[in-house]
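These are the residues of each chain, in order.
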Amino acid sequence: MNEEQPRYTAGSLRAVAELAWSSGRGRLLLRVALAVVASAVPVALAWLTKTVLDGLADPGRPLLVPVLLLALAGVAAAVLPHAVPYVEAELQRAIDLICRQRLYAAVARLPGLRHLEDPRFQDRLALAGETGSSGPAEVVGGALAGVQGTLMLGGFLGTLAVLNPWMLLPVGLAGLVALHGQFRLSRYRARVHGRLGHATRREFFYAQLLNSTSAAKEVRLYGLGGLFGARMLTELRWINDQRSRMDRRELLVQGSHGALSAVVAGAGLVWAVNAARQGRLTVGDVAMFVAAVAGVQDGLAILISSAGRTHEAMLLFGHYRHVVGTEPDLARPRKGLGAVRPLRTGIELRDVWFRYGDDLPWVLRGVSMTIPADGATALVGPNGAGKSTLVKLLCRFYDPTRGTVLWDGVDLRELPVEELRRRIGGVFQDYVCYDLTAADNIGLGDTGVLDDRDRIVAAARRAGIHEALAALPRGYDTMLSRSFDTPAYDDPGTGVMLSGGQWQRVALARALLRDRTDLLILDEPSAGLDAEAEHEVHQSLREHRAGRAGLLISHRLSTVREADTIVVLSGGEVVERGAHDALMDTGGLYARLFRLQASGYQEQEQDRAWS
Ligand SMILES: Nc1ncnc2c1ncn2[C@@H]1O[C@H](COP(=O)(O)OP(=O)(O)OP(=O)(O)O)[C@@H](O)[C@H]1O
């Protein structure tokens with residue numbers, strides 16, 4: 001995260017005002033009304049106290065009305081400290097909700113992966129989520145507290161002006177000094193928050209590794225608990241150090257301003273007592289003077305702290321605005337074709353070059369290949385050859401750096417990306433195991449049929465996982481997690497963990513639920529399956545793929561030999577292509593890898609025969 005000075009503009013203020021207004025105008029107006037009343041009550045109390053005290057010294061003056069009003073103001077003074085925070089909290093919750101809704105909608109709207117794989121964007125996102133989205137609520141709360149402080153200050157300054165206009169000078173000066181200090185302090189705090197973002201994410205990362213069930217095995221086997229704990233503490237110590245420095249600075253600034261105000265108030269009190277001794281002030285005047293000085297100080301304190309709070313929240317709100325206003329990481333279609341037509345001929349990659357960043361090496365180097373609309377294409381090659389990257393381009397998570405990907409001859413960049421993705425189904429190498437029920441884990445493949453149990457069961461059958469899911473304690477409603485209870489049952493014991501191969505079949509079922517797709521991408525769909533299961537699954541996949549485009553990526557070459565075309569990728573380039581037999585005859589990389597794997601199996605067979 002860079003160390004540039006955080007700033008905000010009139011646009012940020014307008015954005016905050018719009019957020020507050022859209023969160024519920026009734027609540028906002030009520031809070032404004034309460035701010036006005038809360039600022040008037042202390043001033044009214046001071047004047048009414050003076051009137052009653054002076055009335056006591058003058059037996060002829062009627063006192064009933066001022067006493068009743070004083071009692072009423074007292075009731076208001078007692079109730080307001082509870083009512084204001086309640087309405088404020090309600091307002092803040094409403095603003096926070098709308099902010100989070102907009103923030104996560106903006107992130108979900110990002111069509112590609114480029115921003116999400118950028119650590120600087122992740123830092124901003126963390127800040128936007130943590131402090132930025134509560135920022136507008138803080139700004140509104142701070143601004144309203146500021147209104148309250150200003151009105152109260154105005155009332156008491158007027159009161160002071162009536163008694164001794166000269167007192168306005170030192171009180172005003174002390175206030176200005178404090179205000180300036182508070183502004184500097186809040187800018188410093190916003191800078192520190194920006195700096196803490198990265199370290200806070202790292203600290204959270206280590207803490208998660210220590211807590212998560214998925215990392216638990218490795219952490220224990222390799223004895224990583226101590227190391228991760230120490231790294232987490234290093235981050236935490238640094239964060240604490242930064243926060244302590246910030247708190248020390250705050251203590252210094254606020255302590256010195258408090259002392260300055262107290263000196264001014266003390267001097268005022270000496271003057272008032274002296275003036276009363278000389279008969280220039282009544283007892284009521286002295287009481288009101290003391291209340292006015294205290295009121296001015298309170299008003300200033302509210303104003304200063306709210307100004308600091310608002311200023312800091314506005315600075316942090318910049319991260320939120322940045323994320324919400326982030327431009328899509330993929331270019332929008334220029335011609336804006338409304339729909340993606342069903343695939344008729346195929347998908348063609350034409351001289352595609354790709355790298356993840358300008359300073360990173362090329363991952364794909366001039367790849368040209370076609371995935372026909374009704375055939376099975378296999379993509380094989382060594383680790384890091386660029387196979388999964390090519391899949392990311394097909395799903396348009398990234399655009400090629402050079403060259404084009406064509407859907408029936410139309411550049412993917414000209415197609416609406418959501419429409420395109422509706423026509424693609426797939427299992428990624430790093431598929432997700434959701435802490436949800438078995439039915440949800442499959443149903444997420446097509447949210448339109450999330451509640452259609454027959455479709456979900458049919459997909460599970462095709463992926464060969466139906467029997468295992470049906471036999472779970474709550475069948476398809478069983479939670480596939482030990483971290484959460486099954487929602488429909490108040491029964492903490494029902495969650496189960498699946499085996500690696502079973503999870504893979506669930507992910508496959510999720511992909512197969514979308515049965516109206518034109519392209520089915522399977523990136524290592526059977527890596528975790530036993531030999532028999534693998535045979536079964538591939539048989540079922542062949543039936544499912546019939547008549548549509550299929551792209552199969554696998555390191556197990558026995559599973560790809562039946563593909564119509566096998567494309568061999570190495571170092572980001574297509575080095576061979578053809579059917580299995582032709583590639584074997586060529587005797588190139590594919591043939592070498594295939595024979596290597598086959599010889600492994602043959603040796604095993606011989607070992608078995610010998611034993
Ligand atoms: N998000 C990313 N940012 C930067 N580099 C990446 C990213 N994803 C992948 N790479 C790099 O791109 C290269 C190709 O990776 P890719 O995952 O496409 O290979 P692959 O052929 O699928 O490998 P494997 O067979 O091991 O799954 C690798 O060198 C990898 O480090």
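This is a predicted model, so every value here is computed, not measured.

**Points about the domain arrangement of the protein chain**
Taken domain by domain, the protein chain comprises domain 1 (10-324) and domain 2 (346-423 + 517-610). For domain 1 versus domain 2, the distance between C-alpha centres works out to 58 Å. Taken residue by residue, the interface counts five residues in domain 1 and nine residues in domain 2. The junction of domain 1 with domain 2 conceals about 520 Å² of combined surface from both sides, 45% of it contributed by carbon and sulfur atoms.

**Structural notes on a nonpolar patch on the surface**
Taken together, the side chains of Leu64, Val65, Leu68, Leu69 and Leu72 make up a nonpolar region of the molecular surface, amounting to roughly 530 Å² of accessible area. Positionally, Val65 belongs in helix α3 (residues 64-109).

**A closer look at the packing of helix α2 (residues 25-57) against helix α5 (residues 135-163)**
Following both chains from N to C, one finds α2 and α5 inclined at 25°, their axes separated by 9 Å at the closest point. Relative to α5, the element α2 is oriented roughly parallel. Here the hand of the crossing between α2 and α5 comes out right-handed. For the pair α2 and α5, contact is made by Leu28, Arg31, Val32, Ala35, Val36, Ala38, Ser39, Pro42, Val43, Ala46 and Trp47 and by Val140, Leu144, Ala145, Gln148, Leu151, Met152, Gly155, Phe156 and Thr159, respectively.

**Remarks on the environment of Leu125**
Summarising the element assignment, Leu125 is placed in helix α4 (residues 119-132). Overall, the relative accessible area of 15% leaves Leu125 in the buried class. As for Leu125 and Val107, which are separated by 18 residues in sequence, their C-alpha atoms are 8.8 Å apart.

**With respect to the UniProt feature "transmembrane region" (unreviewed entry) in the protein chain**
Sites flagged by UniProt as "transmembrane region" (unreviewed entry) map to residues 28-48, 63-84, 166-185, 251-274 and 286-304. As annotated, residues 28-48 comprises 100% helix and 0% strand, and the C-alpha atoms at either end are separated by 30 Å. Counted over residues 251-274, helix gives 100% and strand 0%. Its end C-alpha atoms are 34 Å apart.

Reading the values: the criteria
- Residues numbered from 1 in each chain as written.
- Predicted model: local features only at pLDDT ≥ 70, side-chain atom pairs only at ≥ 80, totals over all residues.
- Heavy atoms only, no water.
- Domains from an automatic or database assignment.
- Contact = heavy atoms within 4.5 Å.
- Buried area = accessible area lost by both parts, 1.4 Å probe.
- Patch = residues over 30% accessible without salt bridge, like charges linked within 9 Å, V, L, I, M, F, W, Y side chains within 5 Å.
- Areas by Shrake-Rupley, 256 points an atom, 1.4 Å probe, with all protein chains shown as cover.
- Salt bridge = Lys/Arg side-chain N within 4 Å of Asp/Glu carboxyl O.
- Helix = DSSP H or I, 4+ residues; strand = E, 2+ residues; numbered from the N terminus.
- Axes fitted to C-alpha atoms, helices over the stretch in contact; angles between N-to-C directions.
- Parallel < 35°, antiparallel > 145°, perpendicular 65-115°, else oblique.
- Left-handed = near helix turned anticlockwise from the far one by under 90°.
- Buried < 20%, exposed > 50% of the residue type's maximum accessible area, 1.4 Å probe, protein only.
- UniProt positions renumbered as here; feature names shortened; annotations may be inferred.

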